[in-house]
Amino acid sequence: MKKKNLITRRTAIITGLTSLGGLLLPGCSKKLPPTYGNILRMGDALTYMAHRTLLPGQSMAKEYGYGDISSFPATGTTNPGDTATPFYSEAWAQFKSSEFTNWALKIEGRVARPGSYSLADLQKFPSQKQITRHTCEEGWSAIAEWTGVPLGRVLNAAGILPSSRFVNCYAYDGYMESIDMLDAFHPQTVLAYGMNGRNLPVPHGAPVRLRVERQVGYKSVKYLQRIVVTDEFVDTSNSDGWAWYVGM
Ligand SMILES: Nc1nc2c(c(=O)[nH]1)N[C@H]1C(S)=C(S)[C@@H](COP(=O)(O)O)O[C@H]1N2
Ligand SMILES: [Mo]
């Protein structure tokens, strides 16, 4: 009896969500919304979209205390300015030599206001700190404090269009990963420019890396160059058959 009530309630919720989706989807799939091109009205679609992604299932990754901060290995690319590696980036090396003052993160694709965000621009957003555990697919984990701006805030500033489904993140070392809107707008998904109270060190992705706390380590792209919002899935499993979705 209880169980049946539960199922009925859940079915009702699902039906409700489905019909809400039915209202929204015709405007979201192929067609652009009627407000397309009117920048002042992009907020409408955006709010719908943000709410749809924020409401279901946004559970938080565990946060730790200062005493839990551990040593933290650097893996994968650890210096895109090293000419001896296949991942050398002259552009990144130049930004590094000016202490990243002329570095800027491009945000483009399905956004109303494509643009570039310098480190100073990103630091103007209200900042957020979180002490979390990084888990690498190779079997180690480590805890650090990250400082940054929630990716969702920056995407809101750029005005994502309602047909957006994925956020593709490209790095200076040629690395690329994509996440869906649920992870992009997760409150702990941040563009991190600080680690353990200092500027993000080079081995850990300077000047700005992604932190996707609900996914395994390789989703947290270092050395960010460009973010492209898309409505098409590009399979970005970084190498060797690792899964695209690795929620934890
Ligand atoms: N650009 C870039 N991002 C990357 C990688 C990389 O090689 N290049 N490696 C990934 C992997 S597998 C892990 S475990 C973490 C490592 O981050 P860390 O070096 O700060 O420990 O970064 C991820 N992001
Ligand atoms: Mo990793």
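Residues numbered from 1 in each chain as written. Chains lettered and ligands numbered in written order. Predicted model: local features only at pLDDT ≥ 70, side-chain atom pairs only at ≥ 80, totals over all residues. Heavy atoms only, no water.

Undergrad: Got a sec to walk through the overall build of the protein? Specific residues and values, please.
TA: When helices and strands are tallied, the protein shows six helices and 10 strands. Classification of the 248 residues of the protein by burial places 44% in the buried group. In the protein, the share of contacts with a sequence separation of at least 24, taken over all contacts with a separation of at least 6, comes to 68%. As displayed, the protein offers around 12900 Å² of accessible surface, 56% of which is attributable to carbon and sulfur atoms. (Helix = DSSP H or I, 4+ residues; strand = E, 2+ residues; numbered from the N terminus. Buried < 20%, exposed > 50% of the residue type's maximum accessible area, 1.4 Å probe, protein only. Contact = heavy atoms within 4.5 Å. Areas by Shrake-Rupley, 256 points an atom, 1.4 Å probe, with all protein chains shown as cover.)

Undergrad: Which residues make up the packing of aromatic side chains, and what are the values?
TA: For any pair of aromatic rings, the description consists of the separation of the ring centres together with the inter-plane angle of the planes. Considering all chains together, one arrives at seven aromatic pairs under this definition. Aromatic pair W92 and Y223: ring centres 5.7 Å apart, planes at 90°, arrangement edge-to-face. Taken together, the residues W92 in helix α3 (residues 90-97) and Y223 in the loop between β9 (209-211) and β10 (224-230) connect sequence positions 131 residues apart. Residue W92 shares its accessibility class with Y223, and that shared class is buried. In this structure an aromatic cluster arises from ring pairing among F72, W140 and W146. R226 extends its terminal NZ or CZ atom over the ring of Y170, reaching a point 4.3 Å from the ring centre. (Phe/Tyr/Trp six-rings, centres within 6.5 Å; stacked < 30°, edge-to-face > 60°. Lys NZ or Arg CZ within 6 Å of the ring centre and 35° of its normal.)

Undergrad: Outline the site of ligand 1, listing residues and values.
TA: Contacts to ligand 1 come from 22 residues, most closely from P73, D173, H204, R209 and K222. Between ligand 1 and the protein, one listed contact pairs an oxygen atom with a side-chain N or O atom of K222 at 2.6 Å. In isolation ligand 1 offers 530 Å² of accessible surface; the protein chains occlude 95% of this area. Here the residues of the shell around ligand 1 sort into 11 nonpolar, seven polar and four charged. (Near = heavy atom within 4 Å. Polar contact = N/O pair within 3.5 Å; in protein donor to acceptor, adjacent residues only side chain to side chain. Nonpolar A, V, L, I, M, F, W, Y, C, P; charged D, E, K, R; others polar.)

Undergrad: With reference to specific residues and values, describe the nonpolar core.
TA: Counting residues in hydrophobic clusters, the biggest one holds 37 residues, and the most contacted among them are W103, L122, L151, V167, L191 and L210. Residue assignment for this core shows that the elements contributing at least two residues are α3, β1 (104-109), α4 (119-124), α5 (151-158), β5 (166-171), α6 (181-184), β7 (190-195) and β10. Broken down by element, this core gets its largest block of residues, four residues, from α5. Once residues lying within four places of it in the same chain are set aside, the contact partners of L122 are W103, Y117, V149, V154, L191, Y193 and V208. In this structure, F72, C136, M195 and L200 belong to the second largest nonpolar core, which totals 10 residues. (Core = buried A, V, L, I, M, F, W, Y, C linked by side-chain atoms within 4.5 Å.)

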